[in-house]
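Structural characterization, general
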Amino acid sequence: EPPPAPPALPPEQWQLLGELLRPDPAAPESGAVLAPDGSTVALGPLLAGIEVGLRRGGSEGSWDPLPAFRPPLDPLFAVTIAEALGTSFLLARGSGSDAAALGPGGCWDDVDDPRNYTLMGPPTPVPDAVANGAMDGLVLGARLAREPAPLAELLRGYYGTGNGSDTERPPSSYRRRDFGALAGPGRLEEELVAMLEVLRVLPPTRGLLEGVGPEEVAAVARRAAGEFTRRYVECPAIVPRCMWGARPYRGTPSPLRLPLGSVFIHHTLEPGTPCRSFRACARAMRSMQRFHQDTRAWDDIGYSFVVGSDGYLYQGRGWHWVGAHTKGYNTKGFGVSYVGDFSATLPDPDALSLVRDELLPCAVRAGRILRNYTLRGHRQLGRTDCPGDALFQEIQSWPGFQ
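Below is a short write-up of the structure. All values derive from a computational prediction rather than experimental measurement. Counting of residues starts from 1 at the beginning of each chain's written sequence and follows it residue by residue. Only residues with pLDDT of at least 70 get local features here, since the model is predicted, and only at 80 or more are side-chain atom pairs given and counted; chain-wide, interface and lining totals rely on the full set of residues. Values reported for side chains reflect all heavy atoms of the structure, with hydrogen atoms and water molecules removed beforehand.

1. Overview of the packing of aromatic side chains
By convention, a stacked pair of Phe, Tyr or Trp rings (six-membered ring in the case of Trp) has centres within 6.5 Å and planes under 30 degrees apart, an edge-to-face pair has planes over 60 apart, and any other such pair is tilted. Evaluation of the coordinates by the stated rule reveals 10 aromatic pairs. These aromatic residues form a ring-pair network of at least three members: Phe179, Phe228 and Tyr232. Sitting over the ring of tyrosine 174, arginine 169 keeps its end group 3.7 Å from the ring centre. Charge-over-ring placement is defined geometrically: NZ (Lys) or CZ (Arg) within 6 Å of the ring centre, and within 35 degrees of the ring normal.

Structure below.
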């Protein structure tokens, strides 16, 4: 029986909370919430990690692993990521593609008043919302183990208050970096090996490991840890069009023939101020799309991707559609634009790193950009000051610049 509703919470909200905390595996959308930073987070692994951290509070971030298992199992990893990830890759064995074990992302019906979340593809045990919730649960659980804090204060500080402030990016936008620091190198793989041995003796999953020896367990753990790290730690988060409120493309988009050999760096100039929150960046995207479609009569926002100073990339025309960013070269490369005017100042170091150290290497690994790609500023290919003197000077030190 569920506990009685506390006086401060109306019955309908208590019922909703109960549904969110008991997600239906057949409907993974029901256990997710939209965080103020624009990411979708599954509550189950988030709160499980917080509970472990609270139970271990004040232990300087270290606690005894469960000694009954060899190798020993860390409870914080077990309840956040290891069980779901291990199960997912066991189920995907023999499918020929590890992609069947992770994702997909999804979209909310209304970002300002979110009610329904819909996945953009077939569900796995680790859709993007579960990955986000697991990373957040691990990060916050580890923090609570070091230093107990009031839960409401912890969550408000981590995700941002959602009060419309556009001055500072929230700590949750660093989840991939912070999770990577806790889970690597090799730590996630070790925890998965331990978790798979636990799954071997649990009735619901025992059958998945029949006839699977230690070598294959190690191989599954290696694949799962490697693929999760590549997708959710080494590659940046990209906010899909549906999440920033994009209008439809006008007409039929022309497909790109991948991989492409060039990347062109831009700045938006207008908006001239960097956006530091999801709300501000989504507003900037809608404004640019209106300008490009209504004033310039283009089919869509021109850029392939746009870089916010909130820790996220925003999908414009994306990886597969020809853009309208660099006249004469739109079929040859991707146009990546920073929100702001960077004639005299630079984007934040984190925003520069997002493209230079994460997006471009990730695109090379995925086969979307050639390994020997060339990188240029917009001004090198047209009569323009774009991407601004300061940013153009900066990108001359980047790999691939010519």
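2. As for the sheet that holds strand E5 (residues 238-239)
At least two DSSP bridges between two strands are needed for those strands to be called paired. The way it works is that DSSP assigns letters per residue, a run of H or I at least four long becomes a helix, a run of E at least two long becomes a strand, and they are numbered from the N terminus. Taken in spatial order, the 6 strands make up an open sheet running E5-E8-E7-E9-E6-E10, and their pairing is mixed. Each edge of the open sheet carries a strand with a single partner, namely E5 and strand E10 (369-377). In this sheet, strand E8 (residues 313-315) lies alongside E5 in parallel orientation, the contact comprising 2 bridges. Looking across to E8, one finds that valine 239 is bridged to tyrosine 314. Here a residue-residue contact requires only that any non-hydrogen atoms of the pair lie within 4.5 Å. Where helices are involved, their axes are fitted lines through C-alpha atoms of the stretch in contact, as for all axes, and angles between N-to-C directions lie from 0 to 180°. In the packing of helix H11 (residues 278-295) onto the sheet, the strands contacted are E5, strand E7 (305-307) and E8, and the crossing angle to E8 comes to about 35 degrees. Each of E5, strand E6 (260-267), E7, E8, strand E9 (333-338) and E10 touches helix H12 (residues 349-365); the most contacted strand, E10, lies at about 150 degrees to it.

3. A short note on the pattern of salt bridges
Throughout this description, the term salt bridge denotes a Lys or Arg side-chain nitrogen within 4 Å of a carboxyl oxygen of Asp or Glu. Applying the stated criterion to the full structure yields 22 salt bridges. Its salt-bridge partner being glutamate 216, residue arginine 93 comes within 2.9 Å of it at the nearest N-O pair. Of this pair, arginine 93 sits in the loop between helix H3 (75-91) and strand E3 (106-108) while glutamate 216 sits in helix H9 (residues 214-234); the two residues are 123 residues apart in sequence, bridging distant segments of the chain. Only protein chains enter the accessibility calculation, which uses a 1.4 Å probe; a residue whose area is less than 20% of its type maximum is buried, one above 50% is exposed, and one in between is partly exposed. Judged by relative accessible area, which is 31%, arginine 93 ranks as partly exposed. Note that arginine 177 is salt-bridged to aspartate 178, the shortest N-O span being 2.9 Å.

4. Some thoughts on unusual backbone geometry
Here glycine 184 and proline 185 are connected by a cis peptide whose omega angle stands at -10 degrees. Mapping proline 185 onto the fold places it in the loop between helix H6 (175-183) and helix H7 (187-201). The omega angle of the peptide bond from cysteine 386 to proline 387 is 15 degrees, so this bond is cis rather than trans. Mapped onto the elements, proline 387 comes out in the loop between E10 and helix H13 (389-395). Of note in the backbone geometry, leucine 269 takes a positive phi value of approximately 65 degrees without being a glycine. Here leucine 269 shows up in the loop between E6 and H11. Notably, alanine 297 is not glycine yet its phi reads approximately 60 degrees, a positive angle. When you line up the elements, alanine 297 lands in the loop between H11 and E7.

5. Re the state of the cysteines
For this text, the term disulfide refers to a pair of cysteine sulfurs within 2.5 Å. Within the structure shown, the criterion is met by 3 disulfides. Between cysteine 107 and cysteine 242 runs a disulfide, and the two sulfur atoms are separated by 1.5 Å. Residues cysteine 107 and cysteine 242 are joined by a disulfide whose S-S torsion is about -50 degrees; by sign, that bridge is left-handed. Of this pair, cysteine 107 sits in strand E3 while cysteine 242 sits in helix H10 (residues 241-244); the two residues are 135 residues apart in sequence, bridging distant segments of the chain. Classification of cysteine 242 as partly exposed rests on a relative accessible area of 30%. By sequence order of its bonded cysteines, the chain has the disulfide arrangement 1-3, 2-6, 4-5.

6. Observations concerning the environment of alanine 366
Assignment of secondary structure puts alanine 366 in the loop between H12 and E10. Note: C-alpha distance between alanine 366 and proline 259 (107 residues apart in sequence) is 9.2 Å.

7. Examining the packing of helix H2 (residues 43-55) against helix H4 (residues 128-146)
At a closest axis distance of 7 Å, the pairing of H2 and H4 adopts a crossing angle of 15 degrees. Relative to H4, the element H2 is oriented roughly parallel. Crossing of H2 against H4: the hand is right-handed. Packed against H2, whose contacting residues are Pro45, Leu46, Gly49, Ile50, Gly53 and Leu54, the element H4 presents Val130, Gly133, Ala134, Asp136, Gly137, Leu140, Gly141, Leu144 and Ala145 at the interface. Classification used: nonpolar for Ala, Val, Leu, Ile, Met, Phe, Trp, Tyr, Cys and Pro, charged for Asp, Glu, Lys and Arg, polar for all others including Gly. For the contact of H2 with H4, the per-class residue count stands at 9 nonpolar, 5 polar and 1 charged. Roughly parallel refers to an angle under 35 degrees, roughly antiparallel to one over 145, roughly perpendicular to one between 65 and 115, and oblique to any angle outside these ranges. By convention the crossing between two helices is left-handed if the near helix lies anticlockwise of the far one by an angle smaller than a right angle, and right-handed if it lies clockwise.

8. What about the pairing of E9?
Of all 6 residues that make up E9, 6 are buried, and the element is covered over most of its length. For E6 and E9, the ladder comprises 6 bridges, and the chain directions are parallel. When the bridges of E9 are listed, serine 262 appears paired with glycine 333. The pairing of E7 with E9 spans 3 bridges and is classified as parallel. By the bridge assignment, phenylalanine 305 is partnered in E9 with valine 336.

9. Considering the nonpolar core
Soluble globular proteins: nonpolar side chains tend toward being buried together. Membership of the largest hydrophobic core comes to 75 residues, with the highest contact counts inside it found for Leu85, Phe179, Leu188, Leu192, Phe228, Met288 and Tyr314. In terms of residues, this core owes the most to one element, H4, which gives 10 residues. A domain split of this core shows at least three residues from each of domain 1 (11-234) and domain 2 (241-396). Non-local contacts of leucine 85, meaning those with residues more than four positions away in its chain, are made with Leu102, Val126, Leu188, Leu192, Ala224 and Phe228. In terms of nonpolar packing, the next biggest core, distinct from the first, is built from 28 residues, Phe305, Trp319, Val336 and Ala363 among them. As used here, the term nonpolar core means buried Ala, Val, Leu, Ile, Met, Phe, Trp, Tyr and Cys residues forming a set that is joined through side-chain atoms within 4.5 Å. Domain limits in this description derive from either an automatic procedure or a database domain assignment.

10. Thoughts on the environment of isoleucine 50
Mapped onto the secondary structure, isoleucine 50 falls in helix H2. Separated by 29 residues in the primary sequence, isoleucine 50 and valine 79 have C-alpha atoms spaced 9.9 Å apart.

Note that every value here comes from positions in space, so none of it alone points to a role or purpose.
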